[in-house]
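# Coordinate analysis (summary)
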Amino acid sequence: MTTKFFTMQDFQAAAAAIRQRTKLQPKVGLILGSGLNALADSVENATNIPYDEIPDFPVSTVQGHVGRLVLGTLEGQAVMVMQGRGHFYEGYSMGQIGFPIRVMQVLGVELLIVTNAAGGINRTYHAGDVMIIHDHINLLGMAGQNPLHGPNIAEFGPRFPSMNDAYDPELRRRALEIARQAGIPHHEGVYICLSGPSFETPADVRLLRIFGTDAVGMSTVPEVTVARHGGMRVLGLSGISNTLSGEAGSPPPDHEEVLEAGKLLVPRLETIIRGILTSVSF
Ligand code: HPA
């Protein structure tokens, strides 16, 4: 695993490579999780840039992650969509996972909408439900894997950034209202990011429940930590792709199931994201 600490120059070089391809000045960043790629199909006047054409951008190796940026407009807003993301379990450092967020910040993005596929820990959750992330547990950060590890870049934010209300209360309120009005099965809950790639054991699931976790996944927390350090507003949406009972002998989740649930979740998430985009101004 690389231990390189990126500098402002690295972020600017990546931003310059993107600016060479489009004049769009994105205000909204959108990260699409496993099985949710199709959300980018609605972007108008799209410029597509494969991640491997942007210096230092982590390229996802996972099935269900296309691995390109889509820049264009959605509901009249200039958006920069990540169709797939790099994960810690692929061997990327936390700094690499946070890299695209810094590039967004250099490009002028002010709002990050982050989506993921997640396993339902809360017993009331069902596959296909949407969880509006209320807060997260940075378990990997507690264990020393924080994307802000290394020299602080003061142009982005302070050495010790607050993570209170990391998920913007006003955007959460609006997302809940949109979901309620559209009849989308939804919850507000706490997300935890584990390293993966192995799924949780039933005993892990019971432990996560004691922690106060509602949904578990393998992403989002590093990106949100970087986004908040840089002062972006954040909305987080988990698509519950499977549920985890924590009972010994219960059926294990599998990646195909995660991708299958994505088909149900894409229109639901799209409704919420479109609603949010119509309600924000910059
Ligand atoms: N566990 C961890 N990550 C996940 C899961 C899960 O059950 N489902 C989708 N991402």
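A brief look at the structure comes next. (Residues numbered from 1 in each chain as written. Predicted model: local features only at pLDDT ≥ 70, side-chain atom pairs only at ≥ 80, totals over all residues. Heavy atoms only, no water.)

### Some points on the overall build of the chain
- Along the backbone of the chain there are 7 helices and 9 strands.
- Its C-alpha atoms give the chain a radius of gyration of 17 Å, near enough to 19 Å, the size a compact globule of 282 residues would have.
- If you line up the chain on its principal axes, its C-alpha atoms span 55 × 40 × 35 Å.
- Split into buried and exposed, the 282 residues of the chain put 57% on the buried side.
- A sequence separation of at least 24 residues applies to 84% of the contacts in the chain between residues at least 6 apart.
- Split by element, the accessible area of the chain, about 11800 Å² in all, is 52% carbon and sulfur. (Helix = DSSP H or I, 4+ residues; strand = E, 2+ residues; numbered from the N terminus. Rg over C-alpha atoms; globule rule 2.2 N^0.38 Å. Buried < 20%, exposed > 50% of the residue type's maximum accessible area, 1.4 Å probe, protein only. Contact = heavy atoms within 4.5 Å. Areas by Shrake-Rupley, 256 points an atom, 1.4 Å probe, with all protein chains shown as cover.)

### Structural notes on the site of the ligand
- The full set close to the ligand counts 13 residues, and Ala117, Gly119, Glu200, Ser241 and Asn242 are the nearest of them.
- At 3.3 Å, a backbone N or O of alanine 117 approaches a nitrogen atom of the ligand.
- Here serine 241 contributes a side-chain N or O atom positioned 3.5 Å from a nitrogen atom of the ligand.
- Burial of the ligand by the surrounding chains reaches 95%, relative to a free accessible area of 260 Å².
- For the shell around the ligand, the secondary structure elements donating two or more residues are strand E5 (111-120), strand E8 (215-217) and strand E9 (233-243).
- Taken together, the residues that form the shell around the ligand break down as 8 nonpolar, 4 polar and 1 charged. (Near = heavy atom within 4 Å. Polar contact = N/O pair within 3.5 Å; in protein donor to acceptor, adjacent residues only side chain to side chain. Nonpolar A, V, L, I, M, F, W, Y, C, P; charged D, E, K, R; others polar.)

### Notes on the nonpolar core
- Ile18, Leu69, Met104 and Leu112 are the most contacted members of the largest nonpolar core, which has 47 residues in total.
- It is helix H2 (residues 94-107) that provides the largest number of residues to this core, a total of 7 residues.
- Ignoring sequence-local partners within four residues, the contact set of leucine 69 consists of Ile18, Thr47, Asn48, Ile49, Tyr51, Ile54, Phe57, Met80, Val81 and Met82.
- In terms of nonpolar packing, the next biggest core, distinct from the first, is built from 31 residues, Ala40, Ala179, Ile276 and Leu277 among them. (Core = buried A, V, L, I, M, F, W, Y, C linked by side-chain atoms within 4.5 Å.)

### Considerations on helix H4 (residues 169-182)
- Helix length check: H4, at 14 residues, gives a terminal C-alpha distance of 20 Å against a target of 20 Å (1.5 Å per residue), a fit within 8%.
- Of all the residues in H4, the buried ones are Leu171, Arg172, Arg174, Ala175, Ile178 and Ala179. The buried residues of H4 all sit within an arc of 165° when viewed along its axis, so they share a single face. Structural note: H4 exposes Arg180 and Gln181 on the side pointing more than 90 degrees away from its buried face.
- Against E5, strand E6 (130-137), strand E7 (186-193), E9 and helix H7 (255-279) lie the buried residues of H4.
- N-capping of H4 is provided by aspartate 168, with a side-chain oxygen placed 3.1 Å from the backbone N of glutamate 170. (Expected span 1.5 Å × (residues − 1). Arc of directions from axis to C-beta.)

### A closer look at the packing of helix H1 (residues 8-19) against H2
- Two numbers describe how H1 lies on H2: the axes approach to 9 Å, and their chain directions differ by 70°. Here H1 is positioned roughly perpendicular relative to H2, judged by the angle of their axes. Note on packing geometry: the crossing formed by H1 with H2 is right-handed. Residues Met8, Asp10, Phe11, Gln12, Ala14, Ala15, Ile18 and Arg19 of H1 form the contact with H2, whose own contacting residues are Phe99, Arg102, Val103, Val106 and Leu107.
- Looking at the contact of H1 with H2 residue by residue, the classes come out as 9 nonpolar, 1 polar and 3 charged. (Axes fitted to C-alpha atoms, helices over the stretch in contact; angles between N-to-C directions. Parallel < 35°, antiparallel > 145°, perpendicular 65-115°, else oblique. Left-handed = near helix turned anticlockwise from the far one by under 90°.)

### With respect to the packing of aromatic side chains
- According to the stated counting rule, one finds 6 aromatic pairs in the structure shown.
- On the numbers, 4.9 Å between centres and 40° between planes, the contact of tyrosine 51 with phenylalanine 57 is tilted.
- Under the relative-accessibility criterion, tyrosine 51 is labelled buried at 0%.
- One aromatic cluster is present, formed by Phe6, Phe11, Tyr51, Phe57, Phe99 and Phe156 through successive ring pairs.
- Taking the ring centre of phenylalanine 156 as reference, the NZ or CZ of arginine 102 above it sits at 4.2 Å. (Phe/Tyr/Trp six-rings, centres within 6.5 Å; stacked < 30°, edge-to-face > 60°. Lys NZ or Arg CZ within 6 Å of the ring centre and 35° of its normal.)

### Structural notes on unusual backbone geometry
- Cis geometry marks the peptide bond from glycine 196 to proline 197, where omega comes out at 0°.
- Within the secondary structure layout, proline 197 lies in the loop between E7 and helix H5 (202-211).
- The phi torsion at asparagine 45 lies on the positive side, around 50°, for a residue other than glycine.
- Along the chain, asparagine 45 falls in strand E2 (residues 44-50).
- Note on asparagine 45: relative accessible area 71%, which makes it exposed.
- The phi angle at glutamate 75 is positive, at roughly 50°, despite the residue not being glycine.
- By the secondary structure assignment, glutamate 75 is in the loop between strand E3 (68-74) and strand E4 (77-83).

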